[in-house]
Amino acid sequence: MRRSRYLLPTLRETPKEAEIVSHRLMLRAGMVRQSAAGIYVWLPLGYRVMNKIAQIVREEQDRAGSQEFLMPTIQPAELWKRSGRYDGYGPEMLRIQDRQERDLLYGPTNEEVITDLFASSVRSYRDLPKLLYHIQWKFRDELRPRFGVMRGREFLMKDNYSFDVSAEAARHSYNKMFVSYLRTFARLGLRAIPMEADTGPIGGDMSHEFIILARTGESQVWCDRRFLDVDVLSLAVNYDNADEVAALVRRFTKDYARTDEKHDAAKFAADVPEDRRYEGRGIEVGHIFHFGTKYSEPLNARVRLADGGDVAVHMGSYGIGVSRLVGAIIEASHDDRGIIWPEAVAPFAVGLLNLKVGDSACDALAERAYAELARAKLDTLYDDRDERAGTKFSDLDLTGLPWRMVVSPRGVARGLVELRRRDSEDAQELSLDEAIEKVRASVADAANVAEAGA
RNA sequence: CGGGGCGUAGCGCAGUCUGGCAGCGCGUCUGCUUUGGGAGCAGAAGGUCAUCGGUUCAAAUCCGGUCGCCCCGACCA
């Protein structure tokens, strides 16, 4: 993409509404614009990142045996009246009426719709288990939206729903999602720690929040530092082997990790040696939950059993805040110059700068670099604007692309470009071929890591 | 929903107290010079001062209503 043609309105100054760093940087880097309180326009750069995140989420959901489909944003109130939540959900739910004065709502979540779908389309225990997910916009009319896309009213969420014939089978589904979440966040360049969460009326140990550690997080968290040392992507997992998946879950639940909701200072002190105690802030990026027959009973989602009887299916739901992750990744990965994208979610792999537009040698080399980067299938944002070097450097640092390739009079006579990583101070002068190969290898490594263990 | 604050050019702000030509910086456009970390000079464009009403010879400024946005708290993917 040529920068001169791209809609990328970077700002030198921060709009005054932005308080936390991810919000400031997303506005300054031209990723989002606020449309109303907690509602955002996603500009091309921000939308690319969100789509990259969604794609990784999608791949890991599929890998764990889930199927993607799509439910509507607008739901009939009638379903919610049947589940008993229509009155219970409160003013957070946006209620609307159509021209016939039928009661509708903009979905804050989708248990009702999918349970109803399941009830009308699945009849037999032989069809179970099922894991179904979609990535869809939600609306929750929060009292006070804040922190940019981290707590918007409208947000993009992946929600998965599992259906099993028994509580024991449901645990396998839960465990699959648990492991797939570990892999998903690791691939996004995040270290997400599963923490015990409130389970509601069901009880038991079947609810976890996935929290990433970040200074600006909203929750106070306590955990064992051993969580920080595990290389999740190197762990092999066969999702069909219930024992193997359960063993992995045990490995990630045996050490202490709790938010302020469940923190027990005495237990923390007793269980975790002093040198392994971590206390800090965290951001919730995922939540998994088993809720048994809470919706299948009222919405009549039952299956026939082998012995001729029938049973309400056991369900769980599993959420990842996709749009929130865009902000969360920035909270975890930035410096005073701007965003530092992990390679896996970067909107472009390379920022190509021509520092002397109008100089025929520089123009020629930059154009050749742009063409060859495209041939190597490396997403490139080519800054071909007739701007000063400082402007281009600052803009590129702000937008956080992982690799910077500079064409300038310094190296052009020898056919050299300068290559530098966003997270490093070291630059190298290389031939164009060498530079492209280096970036290509780095991107390929990231992809290989993603495949490891799967 | 309780408390506090703010709406003036694309962004950041001054002007409001004490009514009297709507301003500054950045950005944008044109020209010249410059060219490795947000350049210099010269010129230009850009405004329903959130909105509705009131007071006044005169309102960004005073008074009242409404809308929007932000922050703190309680609440939440």
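Conventions used here
Residues numbered from 1 in each chain as written. Chains lettered and ligands numbered in written order. Predicted model: local features only at pLDDT ≥ 70, side-chain atom pairs only at ≥ 80, totals over all residues. Heavy atoms only, no water. Buried < 20%, exposed > 50% of the residue type's maximum accessible area, 1.4 Å probe, protein only. Helix = DSSP H or I, 4+ residues; strand = E, 2+ residues; numbered from the N terminus. Pairing = 2+ DSSP bridges. Axes fitted to C-alpha atoms, helices over the stretch in contact; angles between N-to-C directions. Core = buried A, V, L, I, M, F, W, Y, C linked by side-chain atoms within 4.5 Å. Contact = heavy atoms within 4.5 Å. Phe/Tyr/Trp six-rings, centres within 6.5 Å; stacked < 30°, edge-to-face > 60°. Near = heavy atom within 4 Å. Polar contact = N/O pair within 3.5 Å; in protein donor to acceptor, adjacent residues only side chain to side chain. Nonpolar A, V, L, I, M, F, W, Y, C, P; charged D, E, K, R; others polar.

Where do I start with the pairing of strand β16 (residues 314–321) in this structure?
Remember that side chains alternate between the two faces of the sheet whenever the strand is regular. Counting buried residues in β16 gives eight out of eight residues, a clear majority hidden from the surface. Burial along β16 is two-sided: H314, G316, Y318 and I320 facing one way and M315, S317, G319 and G321 facing the other are all buried. With six bridges connecting them, strand β13 (residues 277–292) and β16 associate as antiparallel partners. By the bridge assignment for β16, G292 is matched with M315.

Sorry if this is basic, but what is going on with the sheet that holds strand β4 (residues 74–76) here?
Sheet strands associate in pairs through backbone hydrogen bonding, adopting either a parallel or an antiparallel arrangement. As summarised here, the arrangement of the three strands in space is β4-β6-β5, forming an open sheet in which the pairing is antiparallel. On the outer flanks of this sheet lie β4 and β5 (94–97), each paired with one strand and no other. Direction aside, the axes of adjacent strands within the sheet are offset by 40 degrees on average. The pairing of β5 with strand β6 (residues 103–106) spans four bridges and is antiparallel.

Explain the nonpolar core here, please?
Across soluble globular proteins, nonpolar side chains show a tendency to be buried alongside one another. In terms of nonpolar packing, the biggest core is built from 81 residues, with M31, I53, F185, L188, F252, V326 and W341 touching the most fellow members. When residues no more than four places from it in sequence are discounted, the contact partners of L188 are I53, I56, L325, I329, P342 and V345. In this structure, F118, V122, F291 and A301 belong to the second largest nonpolar core, which totals 23 residues.

Just checking my understanding: could you explain the packing of aromatic side chains for this structure?
For any two aromatic rings, the description comes down to two numbers: the centre-to-centre distance and the angle of the planes. With the rule as written, the count across this model stands at twelve aromatic pairs. The interplanar angle of 65 degrees and the centroid separation of 6.1 Å between the aromatic rings of Y106 and F139 together place this pair among those described as edge-to-face. Taken together, the positions of Y106 in strand β6 and F139 in strand β7 (residues 130–139) put the pair 33 residues apart, joining distant regions of the chain. For F139, a relative accessible area of 8% gives the class buried. Aromatic pair Y256 and F268: ring centres 4.9 Å apart, planes at 50 degrees, arrangement tilted. Taken together, the residues span a long stretch of sequence, with Y256 in the loop between α7 (242–251) and β12 (257–259) and F268 in helix α8 (residues 265–271) at a distance of twelve residues. Just as Y256 is buried, F268 falls in that class too. Three or more aromatic residues link up through ring pairs in this structure, and these residues are F178, Y181, F185 and F210.

What is the right way to look at helix α1 (residues 21–28) in this model?
In an α-helix there are 3.6 residues to a turn, and that puts residues three or four apart on one side. When you tally the buried positions in α1, you get six out of eight residues, the bulk of the element. Residues of α1 that are buried include every one of V21, S22, H23, L25, M26 and L27, and no others. For α1, the secondary structure elements touched by its buried residues are β1 (32–36), β2 (39–42), α9 (322–332), β17 (334–335), β18 (338–339) and α11 (389–399).

Explain unusual backbone geometry to me, please; I cannot follow it from the model alone.
Glycine aside, residues mostly have negative phi angles, and peptide bonds mostly take the trans form. With an omega of 0 degrees, the peptide bond between L128 and P129 qualifies as cis. In this structure, E101 is a non-glycine residue whose phi angle is positive, near 65 degrees. Tracing the backbone shows E101 in the loop between β5 and β6. For F147, which is not glycine, the phi dihedral falls at a positive 60 degrees. Examined against the element boundaries, F147 turns out to sit in the loop between β7 and β8 (154–164). Look at F147 and you get partly exposed, because its relative accessible area is 23%.

Please explain the sheet that holds strand β21 (residues 403–407) as it appears in this structure.
Strand order in the open sheet made by the five strands is β20-β19-β21-β22-β23, with mixed pairing throughout. Either end of the sheet is taken by a strand with one partner, and the two such strands are β20 (380–383) and β23 (427–431). This sheet shows a mean twist of 25 degrees between the axes of neighbouring strands, independent of strand direction. Looking at chain direction, strand β22 (residues 416–421) and β23 are connected through five bridges and run antiparallel. Along β23, the bridge assignment pairs V417 with L430. Helix-sheet contacts for helix α10 (residues 360–375) involve β19 (350–354), β20, β21 and β22, and the interaxial angle to β19 is about 165 degrees. Across the face of the sheet, helix α13 (residues 432–451) comes into contact with β19, β21, β22 and β23 while running at roughly 120 degrees to β23.

Explain the protein's contact with RNA strand B to me, please; I cannot follow it from the model alone.
The full set close to RNA strand B counts 39 residues, and R12, G152, D397, R404 and S408 are the nearest of them. A distance of 2.2 Å separates a sugar or linking oxygen of RNA strand B from a polar side-chain atom of R12. E284 places a polar side-chain atom, nitrogen or oxygen, 2.8 Å from a sugar or linking oxygen of RNA strand B. For the surface near RNA strand B, the elements supplying multiple residues, two or more each, are β1, β13, α11, β21 and β22. The biggest single contributor to the surface near RNA strand B is α11, with seven residues. In the surface near RNA strand B, the residues fall into ten nonpolar, eight polar and 21 charged.

Explain the environment of R126 here, please?
Counting through the fold element by element, R126 comes out in the loop between α5 (111–121) and β7. Given the relative accessible area of 69%, R126 is considered exposed.

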